[in-house]
Amino acid sequence: MYNYPPEHRDIVAALTNGQFILYTQPNYAVVEQNEPFYHDFFKATFGFDLHLRSEGYIFLSSDEATEKDSRNFLIFLAVLCRELSINGRDFKEDFELKKFQVEDIKNLLEKSSKKDLLEHILTENGILKLLNEWSKRKVVEFTDTQQTQFKFTNAVNLFFEYALEFADQRIAPINDEM
Amino acid sequence: MYRPVTPEDILRFMSKNLQGLRLLFEAGRRQGYVLEQAVFEKICSENVLDLGELLRFRFVKQQPTQDYKLRKEYTDFLAFIFESAALNLPDRFKFHAEAIRGQFNDLQQEIDAAKLHDHITSLQNQLDDFLTEIDIQTRQLLRDTEALKASGEHEASLPARIATATRWLDSFIHPLTQVLQANSPDAIVAQLHRINVYSHQKSLFETDPELARLFRHLYGEALRVSEELTRLSNQIVRELMPMLERIRTSSKIMAGFYHLLEAVRQNPVPNIPFYGLLSRRNRRVYSTDWKARADMLLDNFIIEPERFVEEAVEATDDWLPDTNHFKNCLNADLPVDDFYAWCYDFLKSETPVVTLHKFFSVSKLLLDTDFEADFLENSYRFDLELKDATLSLPKIKLYRHVQLPT
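Residues numbered from 1 in each chain as written. Chains lettered and ligands numbered in written order. Predicted model: local features only at pLDDT ≥ 70, side-chain atom pairs only at ≥ 80, totals over all residues.

1. Describing helix α4 (residues 69-86) of chain A
So the rule is basically this: Secondary structure elements are taken from DSSP: a helix is a run of H or I of four residues or more, a strand is a run of E of two residues or more, and numbering for both begins at the N terminus. What a helix should span is 1.5 Å times the count of its residues minus one.
With 18 residues, α4(A) should cover 26 Å at 1.5 Å per step; its first-to-last C-alpha distance of 26 Å lies within 8% of that length. Just downstream of α4(A), A:Gly88 is the residue with a positive phi angle, here 80 degrees.

Spelled out as structure tokens, the structure:
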């Protein structure tokens, strides 16, 4: 009989619930130490792929996943980064170090010329709902109990990684033509 | 009238026209210090720069193509005082490193003591040139990188930013760090170390005091250059490289986001193949009671059409013989032509199932003294089907017993 780590149940419940496990959580080390096992376990049990990123976060993915939240979050991030950049901020630095005020973010997005893409988010409490969803997934973290300010966790790097890949796909053909 | 040019004249001219010279310098900086005639004349006229003076001080010379070229001696000086330089190709550094190695070899192999002096000075100059160039380039790169970082990342500038950061990294920084790498025996640092050891020994054991002094100077120079190189190399690796990498990455992320937003704009439901994250819902690990729990949950969602089920009531036979009741009924029907048939019909109306027992409990009225039976001889018999028996019965007439008056 295989000796499961005592945290096994928590790990499986968190990951299968669409959560990220961050390196700041004790369970991260458990998965890291048993990576081959968990890799096989999730594949064999659920057909999910386990990803352990060196930036310090773990998540599951599925070929058959149909969730729509990440698309909304990507658009939100894209517009937010754009606005921060236009205002002369180093958004990567901000994401790593800064705490954001929910109200400020809302104002920033309201002024954006890409506002129309965020209509579904800029509704009453829309941003808070979005942030809430992603705080449950451990991609953002509220830093006060009133949920007025938050910061991004390392897991947000997955979205940047995606943007880099997207850029490569789009820029590469242009370079090839040159 | 020919007036000789004195150093004071040149410095005075430069200090008076510094702004105009700076513009010429900046305009030419990225183009090998060659300015097109039109650009050159425009800057001169706007800044009251006298072409005659410029030519007299040999600040510029006109090319056969009519363009103007700024002289290297001046541009080097201006680059130094403005702390602004054009980036050199990394081959320049390799060239410097090669030159240092060659001159050091020459110095070591020289047997003519009279020529040693020249070799030492030349090597010293070479070292200084090398250091100055790297120093200027690093400062320039740092400044340019800061400027690049500060320039807002607007969509239009993104490809240019990515290209610039990539070009600087690939064409300057990486080759520069290769030149400065300490772990290769050919590296400049190793070369400097050899010069150090050599000149130190020579300065101690050289009998000619003049040569000993020169070797000491060379030793000092080599020491300074290696210390400075270490500092610059640190600056490049710790500051410049991460900063450029960061600019390149952020710009690329921004470009990715830009294309993403464009994709969304063109098609509100674009096919964005994100990593296939799982949606947030409770998935339970399979366990023995999982199916039972799932079934219970699902049952709540199944709305079946209303179905009326008739209660299956067990037919209980609560029929009890009641002779008085039978008698009353029989009395009411008298006279009957066929008593047994009457019994049967009567029971049928009273109870659904006619059994032998019930039949007899009614037919025993035949023996009651209140009735008179008329047994017809030769009458036919008929069969009566009961639940549990078939009876063959004769036809009997029944009358009321009439009591004769006594």
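2. Brief notes about the interface of chain A and chain B
Selection criterion: Note on contacts: residues are paired as contacts if their backbone-placed C-beta atoms lie within 7 Å. Residue polarity is assigned by list, with Asp, Glu, Lys and Arg as charged and Ala, Val, Leu, Ile, Met, Phe, Trp, Tyr, Cys and Pro as nonpolar; anything else, Gly included, falls into the polar class.
Taken together, the contact pairs 40 residues of chain A with 29 residues of chain B. At the level of secondary structure, the elements contributing two or more residues to the side of chain A that touches chain B comprise α1 (8-16), β3 (57-61), α4, α5 (91-97), α7 (126-136) and α8 (157-177) of chain A. Counting residues per element, the side of chain A that touches chain B draws most heavily on α4(A), which supplies eleven residues. The residue makeup of the side of chain A that touches chain B, split by class, is 20 nonpolar, eight polar and twelve charged.

3. Thoughts on the sheet that holds strand β1 (residues 21-22) of chain A
All names here are of chain A. The cut-off we apply is this: Whether two strands pair depends on DSSP finding at least two bridges between them.
Pairing is antiparallel across the open sheet formed by three strands, whose spatial order is β1-β3-β2. Where the open sheet ends on each side, the last strands, each with one partner, are β1 and β2 (49-53). Of the strand pairs in this sheet, β1 and β3 are connected by two bridges, and their pairing is antiparallel. Within β3, the residue paired with Ile21 across the bridge is Ile58.

4. Topic: the packing of helix α9 (residues 188-205) of chain B against helix α10 (residues 209-266) of chain B
Residues and elements named next belong to chain B. Just so we agree on the cut-off: Note on definitions: angles span 0 to 180 degrees between N-to-C directions of axes, and those axes are lines fitted to C-alpha atoms, for helices only across the stretch in contact. In what follows, roughly perpendicular refers to angles from 65 to 115 degrees, roughly parallel to angles under 35, roughly antiparallel to angles over 145, and oblique to any angle outside these ranges. Two helices crossing with the near one rotated counterclockwise from the far one by less than a right angle form a left-handed crossing, whereas a clockwise rotation gives a right-handed crossing.
As a packed pair, α9 and α10 sit with axes 8 Å apart at the nearest point and diverge in direction by 155 degrees. It follows that α9 is roughly antiparallel to α10 by the angle criterion. Crossing hand, α9 versus α10: left-handed. The residues of α10 that touch α9, namely those facing Val189, Leu192, Ile195, Asn196, Ser199, His200, Lys202 and Ser203, are Ala212, Phe215, Arg216, Leu218, Tyr219, Ala222, Leu223, Val225, Ser226 and Leu229. Residues of the contact of α9 with α10, tallied by class, amount to eleven nonpolar, five polar and two charged.

5. A short note on the confidence of the model for chain B
The criterion, for reference: On a range of 0 to 100, pLDDT expresses the predictor's confidence in each residue.
Within chain B, residue pLDDT values average 80, and 88% of them lie at 70 or more. Scoring of the predicted complex yields 0.58 for pTM and 0.88 for ipTM.

6. Quick look at the nonpolar core
How we decide: Residues of type Ala, Val, Leu, Ile, Met, Phe, Trp, Tyr and Cys that are buried and joined through C-beta atoms within 7 Å form what is called a nonpolar core. Counting other C-beta atoms within 10 Å of a residue's C-beta gives its exposure: the residue is buried at 20 or more, exposed at 12 or fewer, and partly exposed in between, where C-beta atoms are placed from the backbone.
In this structure, A:Cys81 and A:Ala163 are the most contacted members of the largest nonpolar core, which totals 87 residues. Of the residues forming this core, the biggest block, 17 residues, is contributed by α10(B). Not counting residues within four places of it along the chain, the set of residues in contact with A:Ala163 comprises B:Ile253, B:Gly256, B:Phe257 and B:Leu260.

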